Amino acid sequence: MIFDLDGTLVDSEILCNQAFVDLLPDLGETAEQLVRRYRGIKLDLTLADLEKRLGRRLPATFEATYRARVAELFSERLQPVPGASAMLESLDRPKCIASSGPPQKIAHSLKVSGLASHFGSNIYSSYVVGIWKPDPGLFLHAARDMGHAPEYCIVVEDSAVGVQAAHAAGMAVLRYDPHATAMPADKATVFSDMSRLKGLIEALEAERVG
């Protein structure tokens, strides 16, 4: 099992984008609007788009300031997505995190949310591997390091780029979408309730055996 983190296991997307609202009030958009635009997108591409929309360059220190604000918001308000803790507790399969976030952000998220014990050292970051979704390299690296062939891996994602990466890696993918934003073109099994995940995994495994 390969899990994305932000928006999949921890309810972080709204907080990450609230940091933009706090630091860039002249943008004139809500955190919810920014989530829809930037979910799963690499930070440097997001910052470039923000500069284009604002019509000005962001300060050289902006990324550090932004990450510090995100860390503050996480410490104050970050929670697991509903049902994630119970789901992970019941899931008796090898599992890891494969996230586009930097290692320190991943570690902080897992600690604050109380999910760290479910993954131990099985943590994979785009910033370490040097590959970002929708490139499949992060998922392939995680599978190889965990000792499993891609065709036997199941990815749990919430973003379109994550779904693309999983498909490109030759892996089955389940998309967590509590707000019904996914399009049929995503070609992923979509679910909105974490209590359903174990059953969906078992169904995929049964199909594979059959």
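For the structure, see preceding data.
Residues numbered from 1 in each chain as written. Predicted model: local features only at pLDDT ≥ 70, side-chain atom pairs only at ≥ 80, totals over all residues. Heavy atoms only, no water.

### Topic: the pairing of strand S2 (residues 96–99)
Thinking step 1. Of the two faces of S2, both are covered, the one formed by Cys-96 and Ala-98 as well as the one formed by Ile-97 and Ser-99.
Thinking step 2. When S2 meets strand S3 (residues 123–125), the two strands line up parallel, connected through 3 bridges. Among the inter-strand pairings, Ser-99 is bridged to a residue of S3, identified as Ser-125.
Thinking step 3. Note on the crossover from S2 through helix H6 (residues 103–113) to S3: the handedness is right-handed. (Buried < 20%, exposed > 50% of the residue type's maximum accessible area, 1.4 Å probe, protein only. Helix = DSSP H or I, 4+ residues; strand = E, 2+ residues; numbered from the N terminus. Pairing = 2+ DSSP bridges. Right-handed = clockwise from strand over helix to strand, strands pointing away.)

### Let's talk about the nonpolar core
Here is a general trend for soluble globular proteins: nonpolar side chains tend to be buried in one another's company.
Thinking step 1. One finds Phe-3, Leu-9, Phe-20 and Leu-197 to be the most contacted residues of the largest nonpolar core, which totals 44 residues.
Thinking step 2. Looking at this core element by element, the count peaks at 5 residues for helix H4 (residues 62–77). (Core = buried A, V, L, I, M, F, W, Y, C linked by side-chain atoms within 4.5 Å.)

### Overview of the pairing of strand S5 (residues 172–176)
Thinking step 1. For S5, the buried fraction is high: 4 of the 5 residues fall into the buried class.
Thinking step 2. Across 4 bridges, strand S4 (residues 154–157) lies against S5 in parallel orientation. Note on S5: the bridge partner recorded for Ile-154 is Ala-172.
Thinking step 3. One crossover worth recording links S4 to the parallel S5 by way of helix H9 (residues 160–168), and it is right-handed.
Thinking step 4. Note that S5 and strand S6 (residues 189–191) share 3 bridges and pair parallel. Bridge pairing in S6 places Tyr-176 opposite Phe-191.

### Overview of the packing of helix H1 (residues 13–23) against H4
Between two packed helices, both the angle of their axes relative to each other and the distance between the axes serve to describe the pair.
Thinking step 1. For the pair H1 and H4, interaxial distance at closest approach is 9 Å and the crossing angle is 125°. With respect to their mutual orientation, H1 and H4 come out oblique. Classified by chirality, the crossing of H4 by H1 is right-handed. For the pair formed by H1 and H4, the contact residues are Leu-15, Cys-16, Gln-18, Ala-19, Phe-20, Asp-22 and Leu-23 on the first element and Phe-62, Thr-65, Tyr-66, Arg-69, Val-70, Leu-73, Phe-74 and Arg-77 on the second.
Thinking step 2. Here the residues of the contact of H1 with H4 are counted per class, giving 10 nonpolar, 2 polar and 3 charged. (Axes fitted to C-alpha atoms, helices over the stretch in contact; angles between N-to-C directions. Parallel < 35°, antiparallel > 145°, perpendicular 65-115°, else oblique. Left-handed = near helix turned anticlockwise from the far one by under 90°. Contact = heavy atoms within 4.5 Å. Nonpolar A, V, L, I, M, F, W, Y, C, P; charged D, E, K, R; others polar.)

### As for unusual backbone geometry
Thinking step 1. A cis geometry characterises the amide bond from Lys-133 onward to Pro-134, with omega recorded as 15°.
Thinking step 2. In this structure, Pro-134 sits in the loop between helix H7 (126–129) and helix H8 (137–146).

### Here's the deal with the sheet that holds S4
Thinking step 1. Read across the open sheet, the 6 strands follow the order S3-S2-S1-S4-S5-S6; overall the sheet is parallel. Single-partner strands in this sheet number two, and they are S3 and S6.
Thinking step 2. Across 2 bridges, strand S1 (residues 2–3) lies against S2 in parallel orientation. If you follow Phe-3 over to S2, its bridge partner there is Ile-97.
Thinking step 3. Here H8 sits on the sheet and contacts S1, S2, S3 and S4; the angle it forms with S3, its principal contact strand, is near 150°.

### Examining helix H3 (residues 43–54)
Note: α-helices contain 3.6 residues per turn, so residues at a spacing of three or four share the same orientation.
Thinking step 1. The end-to-end C-alpha distance of H3, which contains 12 residues, comes to 16 Å, matching closely the 16 Å that a straight helix rising 1.5 Å per residue would cover.
Thinking step 2. Those residues of H3 that sit buried are Leu-43, Thr-46, Leu-47, Leu-50, Glu-51 and Leu-54. Looking straight down H3, one finds that the buried residues subtend no more than 140° of arc, so they occupy a single side. For H3, the exposed residues lying more than 90 degrees away from the buried face are Leu-45 and Lys-52. (Expected span 1.5 Å × (residues − 1). Arc of directions from axis to C-beta.)

### Quick look at the side chain of Lys-95
Thinking step 1. Relative to the elements of secondary structure, Lys-95 occurs in the loop between helix H5 (84–90) and S2.
Thinking step 2. Buried charge without a salt bridge: Lys-95, with Asp-92 as the nearest opposite-charge side chain at an N-O distance of 7.5 Å.
Thinking step 3. Look past the residues within four positions of Lys-95 in its chain and what remains in contact with it is Met-1, Phe-3, Leu-88, His-118, Phe-119, Asn-122 and Met-146. (Lys, Arg positive; Asp, Glu negative; His and termini not counted. Salt bridge = Lys/Arg side-chain N within 4 Å of Asp/Glu carboxyl O.)

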